[in-house]
Amino acid sequence: MSATGSSLNNPRPGPPLWLLAELTYRCPLQCPYCSNPLDFAETRDELDTESWFRVLREAREMGAAQLGFSGGEPLVRPDLPELIAEARRLGYYTNLITSGIGLTEAKVAQFREAGLDHIQVSFQASDPELNDAVAGSKKAFRNKLAMARAVHEAGYPMVLNFVIHRHNIHQMDDIIRLCEELGADFVELATCQYYGWAFENREGLMPSADQLATAETKVNAHRERLAAAGSAMKLIFVTPDYYEERPKACMNGWGSLFLTVAPDGTALPCHSARILPIEFPSVRDQSVSSIWYDSPGFNRYRGDAWMPEPCRSCDEKDKDFGGCRCQAYLLTGDADNADPVCGKSPHHDRVLAARRAADHATAPLAELTYRNARNSRVFAKA
Amino acid sequence: MNTQVPRLRPGFRFQWEPAQQAHVLLYPEGMVKLNTSAGAILEAIDGQRSVAEIIAALEARFPDAGPLANDICDFLEDARERHWIILE
Ligand code: SF4
Ligand code: SF4
């Protein structure tokens, strides 16, 4: 049992409360910050409808209540309406996380009927030129606008998501105004997190400290204005942790609340954990319960017995769990290390170097590596 | 507030979760675990009953708890500020 290093001295974890069902890696867009794995094009064997039904049922029995259908673009799955209906029947609160491409008014209504609770539409910018340049698609923006309106009219709560980076961070005012006009309830202004394609493209995506400070001032001014007007629209600004001195409490702790199931059935403690040199179990071979409680992969970083210094003797380890394992791996080559975002990490200089690079970066958008099957195959070979 | 009728904000769902042994409020990408009294108050909200009727119903349900009007109104005010409910 102690092979996992943690199951002996740690109490049994609580159940997974959130399930992220990545239905597919297929997507018509090519965002250069996509969090999908670089070699996504190698995944061809997607779980079938019945297998997803079983995953939904087992996770729900354990206690999962929030469910996200994402991808890739979940709309490319023809069985999406059936999956939504089953999720509703089981009692999930069901979120559809979509680029809006492939959505139609008929589908918006059909999903509502099936019991979908919420549709989150993601945008790349506040204007068509920049939006479509980032998305790598010519008519994405128009489509997204029309669908955001349809989602609102169908009575769903509206969450709009903008992924923020150095090429659109100057648009904060326009983005927020657009969201108000569309009647959004929640607006996520999510600065790229540097995993997957975004890590590959970090230099070309990461905003400078000045850009970030200007954007924060603007967001705060809008928050005050909205509060004074009694508006219920909530602005959630996720800043890049590369500008912090302490890491985020990633996923609220490894294997503590979140369960991701990838398109091929691989179960992960977070959607980016696939990059780690750990063998993760598949829902094709094991029940969700045995995956969650018993698999070495999910027990690998539970508790704190695995921690090396400086985390081991740090009095903040209960607060941030040593940060993000994927970030430690990407930046230091060893996933056990403290997240280098931390000022106490001996590798913190790598984060400082990225900040300096962001101050001087000049590469235009067109030079980024776009997320598409051709580029993905290059990574798969390497 | 007494004559106003509270209802859940669209997109918010209230339900009992056996695994957590608690009522929860679910909303886009979020979940709040409610304590017993918050759960009892939200359970009494049906979009029809006024605040006064909810107070009367809960006082009848928990006769040993004494007068509940202040606690209920405080909670509803707080829930409205958090935009969980709409009071009209
Ligand atoms: S980030 Fe862009 S490319 Fe990646 S799945 Fe989402 S819409 Fe598709
Ligand atoms: S040393 Fe480790 S536990 Fe302490 S603050 Fe840094 S990352 Fe967190």
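Rules and cut-offs
Residues numbered from 1 in each chain as written. Chains lettered and ligands numbered in written order. Predicted model: local features only at pLDDT ≥ 70, side-chain atom pairs only at ≥ 80, totals over all residues. Heavy atoms only, no water. UniProt positions renumbered as here; feature names shortened; annotations may be inferred. Helix = DSSP H or I, 4+ residues; strand = E, 2+ residues; numbered from the N terminus. Rg over C-alpha atoms; globule rule 2.2 N^0.38 Å. Buried < 20%, exposed > 50% of the residue type's maximum accessible area, 1.4 Å probe, protein only. Near = heavy atom within 4 Å. 1 Å grid on protein atoms, 1.4 Å probe; cavity = no way out; pocket = protein on both sides within 12 Å on 5 of 7 lines; lining within 4 Å. Sits in = over half its atoms within 2 Å of the grid points. Nonpolar A, V, L, I, M, F, W, Y, C, P; charged D, E, K, R; others polar. Points joined across faces, edges and corners; volume = space filled by probe spheres on them. Contact = heavy atoms within 4.5 Å. Buried area = accessible area lost by both parts, 1.4 Å probe. Salt bridge = Lys/Arg side-chain N within 4 Å of Asp/Glu carboxyl O. Polar contact = N/O pair within 3.5 Å; in protein donor to acceptor, adjacent residues only side chain to side chain. Phe/Tyr/Trp six-rings, centres within 6.5 Å; stacked < 30°, edge-to-face > 60°. Lys NZ or Arg CZ within 6 Å of the ring centre and 35° of its normal. Arc of directions from axis to C-beta. pLDDT = per-residue confidence, 0-100. Axes fitted to C-alpha atoms, helices over the stretch in contact; angles between N-to-C directions. Parallel < 35°, antiparallel > 145°, perpendicular 65-115°, else oblique.

- Going by what an unreviewed UniProt entry lists, chain B is known as PqqA binding protein and is assigned to Marinobacter halodurans.
- UniProt's Function (unreviewed entry) comment on chain B is quoted here verbatim: "Functions as a PqqA binding protein and presents PqqA to PqqE, in the pyrroloquinoline quinone (PQQ) biosynthetic pathway."
- The UniProt entry for chain B carries the following comment under Subunit (unreviewed entry): "Monomer. Interacts with PqqE."

## A few points about the overall build of chain B
In step 1: Looking only at helices and strands, chain B has three helices and five strands in total.
In step 2: Secondary structure elements in chain B, listed N-terminal to C-terminal, are β-β-β-β-α-α-α-β.
In step 3: The C-alpha atoms of chain B give 13 Å as radius of gyration, which agrees with the globular expectation for 88 residues (12 Å, within 12%).
In step 4: For chain B, the C-alpha atoms occupy an extent of roughly 35 × 30 × 20 Å along the three principal directions.
In step 5: Buried residues in chain B amount to 44% of all 88 residues.

## Points about the site of ligand 2
Residue and element names in this part refer to chain A.
In step 1: Neighbouring ligand 2 are Arg246, Pro247, Pro310, Cys311, Cys314, Glu316, Lys317, Asp320, Gly322, Cys342 and Lys344.
In step 2: Using a 2 Å cut-off from the grid points, one finds that ligand 2 occupies the largest cavity.
In step 3: For the shell around ligand 2, a count of residues per class yields five nonpolar, one polar and five charged.

## Observations regarding empty space enclosed by the protein
Residues and elements named next belong to chain A.
In step 1: Tallied over the entire structure, the rule returns two cavities of 30 Å³ or more.
In step 2: Estimated volume of the largest cavity: approximately 100 Å³.
In step 3: Forming the walls of the largest cavity are Arg246, Pro247, Pro310, Cys311, Cys314, Glu316, Lys317, Asp320, Gly322, Ala338, Cys342 and Lys344.
In step 4: Of the residues assigned to the lining of the largest cavity, the class counts are six nonpolar, one polar and five charged.
In step 5: Size it by volume and the second largest cavity reaches roughly 60 Å³.
In step 6: Taken together, Ser35, Asn36, Pro37, Leu38, Tyr195, Gly196, His271, Ser272, Arg274 and Ile275 form the lining of the second largest cavity.
In step 7: Taken together, the residues of the lining of the second largest cavity break down into four nonpolar, five polar and one charged.

## Overview of the interface of chain A and chain B
In step 1: Listed as interface residues are 23 residues of chain A and, on the opposing side, 16 residues of chain B.
In step 2: Together, the buried faces of chain A and chain B total about 1,500 Å²; carbon and sulfur atoms form 55% of this surface.
In step 3: There are three salt bridges connecting chain A and chain B.
In step 4: Put simply, Asp185 of chain A and Arg9 of chain B hold a salt bridge, and the shortest N to O gap is 3.1 Å.
In step 5: Scanning the region where chain A abuts chain B turns up nine residue pairs in polar contact (both at pLDDT 80 or more).
In step 6: Sorting the residues of the side of chain A that touches chain B by element identifies α1 (49–62), β3 (93–98), β4 (118–123) and β6 (186–191) of chain A as the ones contributing at least two each.
In step 7: Classifying every residue of the side of chain A that touches chain B by side-chain character gives 10 nonpolar, eight polar and five charged.

## Notes on the packing of aromatic side chains
Residue and element names in this part refer to chain A.
In step 1: Applying the stated rule across the entire model yields 12 aromatic pairs over all chains.
In step 2: Summarising the aromatic geometry, the rings of Phe123 and Phe141 are spaced 5.9 Å apart at their centres and angled 75° between planes, so their arrangement reads as edge-to-face. Of this pair, Phe123 sits in strand β4 while Phe141 sits in helix α5 (residues 140–153), and the two are 18 residues apart along the sequence.
In step 3: Judged by its relative accessible area of 6%, Phe141 is buried.
In step 4: The lysine or arginine in question, Arg325, covers the ring of Tyr301, its NZ or CZ lying 5.7 Å from the ring centre.

## Observations concerning the pattern of salt bridges
Residue and element names in this part refer to chain A.
In step 1: All chains considered together, the criterion is met by 24 salt bridges over all chains.
In step 2: Its salt-bridge partner being Arg54, residue Glu58 comes within 3.5 Å of it at the nearest N-O pair. Taken as a pair, Glu58 and Arg54 lie in helix α1 at a separation of four residues, close to a single helical turn.
In step 3: Judged by relative accessible area, Arg54 falls into the partly exposed class, the value being 24%.
In step 4: Notably, a salt bridge pairs Asp264 with Arg274, separated by 2.6 Å at the nearest N-O pair. Of this pair, Asp264 sits in the loop between β8 (258–261) and β9 (267–268) while Arg274 sits in the loop between β9 and α10 (288–294), placing them 10 residues apart in sequence.
In step 5: Taking relative accessible area as the criterion, Asp264 reaches 17% and is therefore assigned buried.

## Re helix α2 (residues 51–61) of chain B
All names here are of chain B.
In step 1: Considered for burial, the residues of α2 that qualify are Val51, Ile54, Ile55 and Leu58. One face of α2 carries all of its buried residues, which in axial projection span an arc of 100°.
In step 2: Against the buried residues of α2 lie β1 (6–8), α1 (36–44), α3 (69–81) and β5 (85–87).

## Section: the confidence of the model for chain B
In step 1: Of all residues in chain B, 100% have pLDDT values of 70 or greater, and the mean over the chain is 94.
In step 2: Here the predicted complex scores 0.90 on pTM and 0.91 on ipTM.

## Some remarks on the packing of helix α4 (residues 128–135) of chain A against α5 of chain A
Between two packed helices, what matters for the description is the angle formed by their axes and the separation of those axes.
Residue and element names in this part refer to chain A.
In step 1: With their axes 8 Å apart at the nearest point, α4 and α5 run at an angle of 110° to one another. In terms of orientation, α4 and α5 fall into the roughly perpendicular class. In contact with Pro128, Asn131, Asp132 and Ala135 of α4, α5 contributes Ala140, Phe141 and Lys144.
In step 2: Considering only residue class, the contact of α4 with α5 consists of four nonpolar, one polar and two charged.

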